[in-house]
Amino acid sequence: MAQKIKKGDTVQVISGRDKGKRGEVIQVLPKEQKLLVRGVNVVKRHQRPTGQLRQGGIIEKESPLYWSKVMLVCPSCDKPTRVGFKVLEDGSKVRFCKKCGEIIDKK
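Cut-offs and rules
- Residues take numbers from 1 onward in each chain, read along the sequence in its written order.
- Where local features are concerned, this predicted model is filtered to residues with pLDDT of at least 70; where side-chain atom pairs are given and counted, the filter is 80 or more; whole-chain, interface and lining totals use all residues.
- For the side-chain quantities, the full set of heavy atoms in the structure was used; hydrogens and water were omitted.
- When DSSP finds two or more bridges between two strands, those strands count as paired.
- Helix and strand definitions follow DSSP, with helices as H or I runs of at least four residues and strands as E runs of at least two, each counted in order from the N terminus.
- A pairing counts as a salt bridge when a side-chain nitrogen of Lys or Arg comes within 4 Å of a carboxyl oxygen of Asp or Glu.
- Exposure categories follow from relative accessible area, calculated using a 1.4 Å probe and restricted to protein chains: below 20% of the type maximum is buried, above 50% is exposed, and the middle band is partly exposed.
- Between rings of Phe, Tyr and Trp, where Trp is taken as its six-membered ring, a pair exists when centres lie within 6.5 Å; planes separated by under 30 degrees are stacked, by over 60 edge-to-face, and by other angles tilted.
- Whether a charge lies above a ring is judged from NZ of Lys or CZ of Arg, which has to be within 6 Å of the ring centre and within 35 degrees of the ring normal.
- We call two residues in contact whenever any of their non-hydrogen atoms come within 4.5 Å of each other.
- UniProt positions are given in the numbering used here, feature names are shortened, and annotations may be inferred rather than shown by experiment.

A few points about the sheet that holds strand β7 (residues 70–73)
Strand pairing in a sheet relies on backbone hydrogen bonds, with the paired strands running either antiparallel or parallel.
No. 1: Spatially, the six strands line up as an open sheet ordered β6-β3-β2-β1-β7-β8, and their pairing is antiparallel. This sheet does not close on itself; its edge strands, each paired only once, are β6 (65–66) and β8 (80–81).

Given below as structure tokens:
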């Protein structure tokens with residue numbers, strides 16, 4: 001199955017407590033169908049001091065959220081959109097915006 005959202009894409013949350021927020025995808029977890037998005041779904045974790053982390057305390061970090069809760073933001077029209085796929089003349093498969101028709105994957 002082709003990946004509709006990739007690392008480095010800008011996405012907008014469409015449901016949940018962070019509805020309307022935008023952020024960059026840090027990591028894609030395809031087996032769990034989840035994404036890590038910078039600045040979205042931030043949770044607080046109590047961390048004990050360890051060897052790598054010298055100072056303990058309450059740490060804020062992003063938690064994964066389901067990729068059905070986000071939509072890709074088109075770089076050209078700057079709106080959340082559904083993603084389609086096209087095969088170009090050279091045989092490469094690219095993603096395109098369903099709203100404006102522009103190709104999302106720039107080489």
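Next comes the rest of the account.
Notes on the pattern of salt bridges
No. 1: Enumeration over the complete set of coordinates arrives at six salt bridges.
No. 2: Its salt-bridge partner being E24, residue R38 comes within 3.1 Å of it at the nearest N-O pair. Remark: E24 occurs in strand β2 (residues 22–29) and R38 occurs in the loop between β3 (34–37) and β4 (42–47); sequence separation between them is 14 residues.
No. 3: E24 gets classed as partly exposed once you look at its relative accessible area, which sits at 37%.
No. 4: Sharing partners across several salt bridges, the network here consists of D9, R95 and D105.

Observations regarding the packing of aromatic side chains
No. 1: Enumeration over the complete set of coordinates arrives at zero aromatic pairs.
No. 2: Above the ring of F96, the side-chain terminus of K86 is found at 4.8 Å from the ring centroid.

Details of the pairing of β7
No. 1: Pairing between strand β1 (residues 10–13) and β7: three bridges, direction antiparallel. Opposite Q12, over in β7, you have M71 as the bridge partner.
No. 2: With two bridges joining them, β7 and β8 adopt antiparallel strand pairing. In the strand pairing of β8, L72 is matched with T81.

Focus on the environment of V11
No. 1: You can see V11 is positioned in strand β1.
No. 2: The class for V11 is buried, based on a relative accessible area of 1%.
No. 3: For V11 and W67, which are 56 residues apart along the polypeptide, the C-alpha to C-alpha distance reads 9.7 Å.
No. 4: Apart from the residues within four sequence positions on either side, V11 is in contact with I5, K21, R22, G23, V25, V37, V70, M71, L72 and V73.

Notes on the UniProt feature "domain: KOW" (unreviewed entry) in the chain
No. 1: Sequence positions flagged by UniProt for "domain: KOW" (unreviewed entry) are, in local numbering, residues 4–31.
No. 2: The annotated region residues 4–31 carries 0% helix and 43% strand content, and the separation between its end C-alpha atoms amounts to 14 Å.

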